[in-house]
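Geometric and topological summary
Here are the chains, one letter per residue:
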Amino acid sequence: MASADQVVIEPSVLYVGTPTYLIATENPDGTANLAAASSYWALGRMLVLGIEVDGQTAANLLVRPDLTVSFPSAPLWRAVARLSDLTGRDPVPAAKAARYRFEPDKFRAAGLTPRASDLVGPPRVAECALAFEARVRRATPGLDGSYLMVEAEVLRVHADRAVLDPTGQHIDPTAWNPLVYAFRHFFERGVEVGWLASSPTAPHPPVLD
Ligand SMILES: Cc1cc2nc3c(=O)[nH]c(=O)nc-3n(C[C@H](O)[C@H](O)[C@H](O)COP(=O)(O)O)c2cc1C
């Protein structure tokens, strides 16, 4: 119901703002596929990723569970955008044919560099300051059949020294600048407005009064 300050709308996009990530998986021929994604959260060491079923990423993960998740910073937004109409799926699924084309080497197409992982097959993205090696522990079909909820355990974390705090054991949130994807636009992180007392990098407890 409409009121003076709010209206009911039916937007085509509900991506309110999540980190952009690049997910690398292993193709049947052993090469790496790379895809842009944003549906993400982390609980402890587990990642939960929302992955569309008709992509090569989903096809790979259901058979070969190794993956990497690399987090681009804001200057890499064009590399992400270059991936936005590419699929590693051949032939391109009918539903994607109007917009997407098959690309077997998406690292090259995006202008990104594969960097060998330690524990999993797929490489991570060298240009990303933060990257996880992970393995799928469970993939659950979504309610409408169009996506998978992929639960993956993080096996190793790679971080550029430039984004670490002085202890070298924590990401310094003020140095780390994830690329945020909101309503199909890209943003930088923005200014810090506060923190939690539980943060390992907080200078002092937050003042909440
Ligand atoms: C910024 C951005 C965010 C995206 N987020 C997701 C996502 O969270 N999950 C997903 O499955 N696809 C997402 N996509 C779409 C995939 O990148 C696209 O379906 C691509 O074809 C997948 O490649 P693949 O078929 O080689 O796996 C996103 C694309 C862009 C550009």
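Residues numbered from 1 in each chain as written. Predicted model: local features only at pLDDT ≥ 70, side-chain atom pairs only at ≥ 80, totals over all residues. Heavy atoms only, no water.

1. Examining the packing of aromatic side chains
The full count for this structure, using the stated rule, is seven aromatic pairs. Centre to centre, the rings of F71 and F132 are 5.2 Å apart; their planes meet at 65°, and the pair counts as edge-to-face. On the criterion of sequence distance, the pair formed by F71 in strand 6 (residues 66-71) and F132 in strand 11 (residues 130-141) is long-range, its members being 61 residues apart. In this structure F71 comes out as buried when scored by relative accessible area, which is 4%. Taken together, a centroid distance of 6.0 Å and an interplanar angle of 35° make the contact between W77 and F186 tilted. Of this pair, W77 sits in helix 2 (residues 77-82) while F186 sits in strand 14 (residues 185-187), placing them 109 residues apart in sequence. (Phe/Tyr/Trp six-rings, centres within 6.5 Å; stacked < 30°, edge-to-face > 60°. Helix = DSSP H or I, 4+ residues; strand = E, 2+ residues; numbered from the N terminus. Buried < 20%, exposed > 50% of the residue type's maximum accessible area, 1.4 Å probe, protein only.)

2. Thoughts on the pairing of strand 11
Sheet topology places strand 6 next to strand 11; six bridges connect them, and they run antiparallel. Looking at the pairing, T68 lines up with E133 of strand 11. Note: strand 11 against strand 12 (residues 147-159), 11 bridges, orientation antiparallel. Each bridged residue has a counterpart across the sheet, and for R135 the counterpart in strand 12 is E153. Linkage of strand 11 to strand 12, two consecutive antiparallel strands, is achieved through a turn of five residues, within which G145 is found at a positive phi near 80°. (Pairing = 2+ DSSP bridges.)

3. Some details on the side chain of N177
Following the sequence through the fold, N177 ends up in the loop between strand 12 and strand 13 (180-182). N177 sits in the buried class, given a relative accessible area of 17%. Within the local environment of N177, its side chain forms a polar contact with the side chain of E188, the two groups lying 2.7 Å apart. There is a polar contact of 3.2 Å between the side chain of N177 and the backbone nitrogen of R189. Apart from residues lying up to four places away in sequence, N177 is in contact with P72, S73, A74, E188 and R189. (Polar contact = N/O pair within 3.5 Å; in protein donor to acceptor, adjacent residues only side chain to side chain. Contact = heavy atoms within 4.5 Å.)

4. Re unusual backbone geometry
Of note, the amide linkage connecting D90 to P91 takes the cis form, showing an omega dihedral of 0°. Considering the arrangement of structural elements, one finds P91 in the loop between strand 7 (86-87) and strand 8 (101-102). The backbone of F183 shows a phi angle near 50°, a positive value even though the residue is not glycine. Considering the arrangement of structural elements, one finds F183 in the loop between strand 13 and strand 14. For F183, a relative accessible area of 42% gives the class partly exposed.

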